[in-house]
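Survey of secondary and tertiary structure
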Amino acid sequence: MEIGCIMKSVSESNDDESLFKQPPKNEDCPICFLTIPTLSTGYSFQACCGKVICNGCIRSMFMASNDYLCPFCRAPFIEGESVKSKRLENLIEKKNDGIAGAMFTLGVCYDQGSSGLPQNHAKAIELWNRAGELGNTTAYYNLNITYQHGRGVPMDKKKAKHYMELAAMGGDAMARQNLGLYEIIANNMDRALKHFMIANQGGDDEALESIKKLYMHGYATKKDYEKALLSRQTYLDDIRSNQRDEAAAFDDQLKYY
Ligand SMILES: [Zn+2]
Ligand SMILES: [Zn+2]
């Protein structure tokens, strides 16, 4: 079934109208109700309940209880190779809200051969395709890497780009930024600017700098740059909180922008 899905999605080319359509916004943290940051060190996927929770809330739960409990379902963090993969398999079996995230994370375990699972690229690819179809954009991003580097599959640049586009269309700002960089290499500055503007709005940390460079070289207008500055500010206003700042100040690994 999975092979069929891959073939189908890859043979469909992404037209420009779908490619440049405004992607969906990041979801909200179910504890503090603020937007989940785009930077991956700003949040964690909880294998217990399948929720994506900001690291500000995770750290403040730890400070309040002096224990590593999930801020959403209160499940304890349990050390042990196979606990994580068992929890993920359980989430997938129960088909609850976190199923896409669980498939993605289990795919990472198979890709790396971690959490007590053997390395199995075919299983990782299958899980990432299913996760992507259920809306997990990072799964598509990882499929891009898989085909770009030929990780357990023949190298295929065309497929890699297709998955990068699927990730970007789903709202993955880093994938969007990369598409902009591809367009710079191909000397399509207008298309590059369009991608960077969307990536910047979606919270990518490098997009604003790319837009500034295009402006300095005459490929973007002052108005474009001003609009980009404003949307970066709006993004930061959406994600900033004291407890996220405290987490970031405590550990660089919890940086969220
Ligand atoms: Zn939160
Ligand atoms: Zn939980």
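In this report, the structure presented in the accompanying data block is examined. (Residues numbered from 1 in each chain as written. Chains lettered and ligands numbered in written order. Predicted model: local features only at pLDDT ≥ 70, side-chain atom pairs only at ≥ 80, totals over all residues. Heavy atoms only, no water.)

**A short note on the overall build of the chain**
Secondary structure assignment for the chain yields 13 helices and two strands. For the chain, the C-alpha radius of gyration of 19 Å lies close to 18 Å, the compact-globule estimate for 257 residues. Seen through its principal axes, the chain has C-alpha atoms that stretch 55 × 45 × 25 Å. Considering the chain as a whole, with its 257 residues, one finds that 45% of them fall into the buried category. Of all intrachain contacts in the chain linking residues separated by at least 6 positions in sequence, the fraction that spans at least 24 positions is 51%. If you sum the accessible surface of the chain, you get close to 13,800 Å²; carbon and sulfur atoms cover 53% of it. The distance from the centre of the 30 positive side-chain charges to the centre of the 33 negative ones in the chain is 1 Å. (Helix = DSSP H or I, 4+ residues; strand = E, 2+ residues; numbered from the N terminus. Rg over C-alpha atoms; globule rule 2.2 N^0.38 Å. Buried < 20%, exposed > 50% of the residue type's maximum accessible area, 1.4 Å probe, protein only. Contact = heavy atoms within 4.5 Å. Areas by Shrake-Rupley, 256 points an atom, 1.4 Å probe, with all protein chains shown as cover. Lys, Arg positive; Asp, Glu negative; His and termini not counted. Charge placed at Lys NZ, Arg CZ, Asp CG, Glu CD.)

**Points about the packing of aromatic side chains**
Throughout the structure, instances matching the rule amount to six aromatic pairs. One aromatic cluster is present, built from ring pairs that chain together F62, Y68 and F77. Cation over ring: R59 sits above F250, and NZ or CZ is 4.0 Å from the ring centre. It is K194 that lies over the ring of F20; its NZ or CZ is 4.5 Å from the centre. (Phe/Tyr/Trp six-rings, centres within 6.5 Å; stacked < 30°, edge-to-face > 60°. Lys NZ or Arg CZ within 6 Å of the ring centre and 35° of its normal.)

**Observations concerning the coordination of the zinc ion (ligand 2)**
Only C48 (SG), C49 (SG), C70 (SG) and C73 (SG) from the protein coordinate the zinc ion (ligand 2), and they sit 2.2 to 2.4 Å from it. If you look at the zinc ion (ligand 2), its four donor atoms make angles of 102 to 118 degrees with each other, and the shape they trace is tetrahedral. Mapped onto the sequence, the residues coordinating the zinc ion (ligand 2) show the spacing C-C-x20-C-x2-C. In this pair, C49 sits in the loop between β1 (43-45) and β2 (52-54) while C73 sits in the loop between α3 (55-65) and α4 (83-94), placing the two residues 24 residues apart along the sequence. Note on C49: relative accessible area 12%, which makes it buried. (Donors = N, O, S within 2.8 Å, 3.2 Å for Na, K, Ca; no water. Tetrahedral: all angles 85-135°; square planar, octahedral: opposite > 155°, others 65-115°.)

**So, the coordination of the zinc ion (ligand 1)**
Here the zinc ion (ligand 1) is held by the protein donor atoms C29 (SG), C32 (SG), C54 (SG) and C57 (SG), which lie 2.3 to 2.4 Å from it. Coordination geometry of the zinc ion (ligand 1): the four donor atoms subtend angles of 104 to 119 degrees at the metal centre, consistent with an arrangement described as tetrahedral. For C29, a relative accessible area of 0% corresponds to the buried category. For C54, a relative accessible area of 0% translates into the label buried.

**Examining the nonpolar core**
One finds I92, L106, L143 and Y147 to be the most contacted residues of the largest nonpolar core, which totals 35 residues. Counting only elements with at least two residues in this core, the list comes to α4, α5 (99-112), α6 (121-133), α7 (137-149), α8 (157-170) and α9 (173-185). Excluding its chain neighbours within four sequence positions, the residues that come into contact with L106 are S85, L88, E89, I92, L117 and L127. Ranked by size, the runner-up nonpolar core spans 11 residues in total, among them A192, L208, I211 and A220. (Core = buried A, V, L, I, M, F, W, Y, C linked by side-chain atoms within 4.5 Å.)

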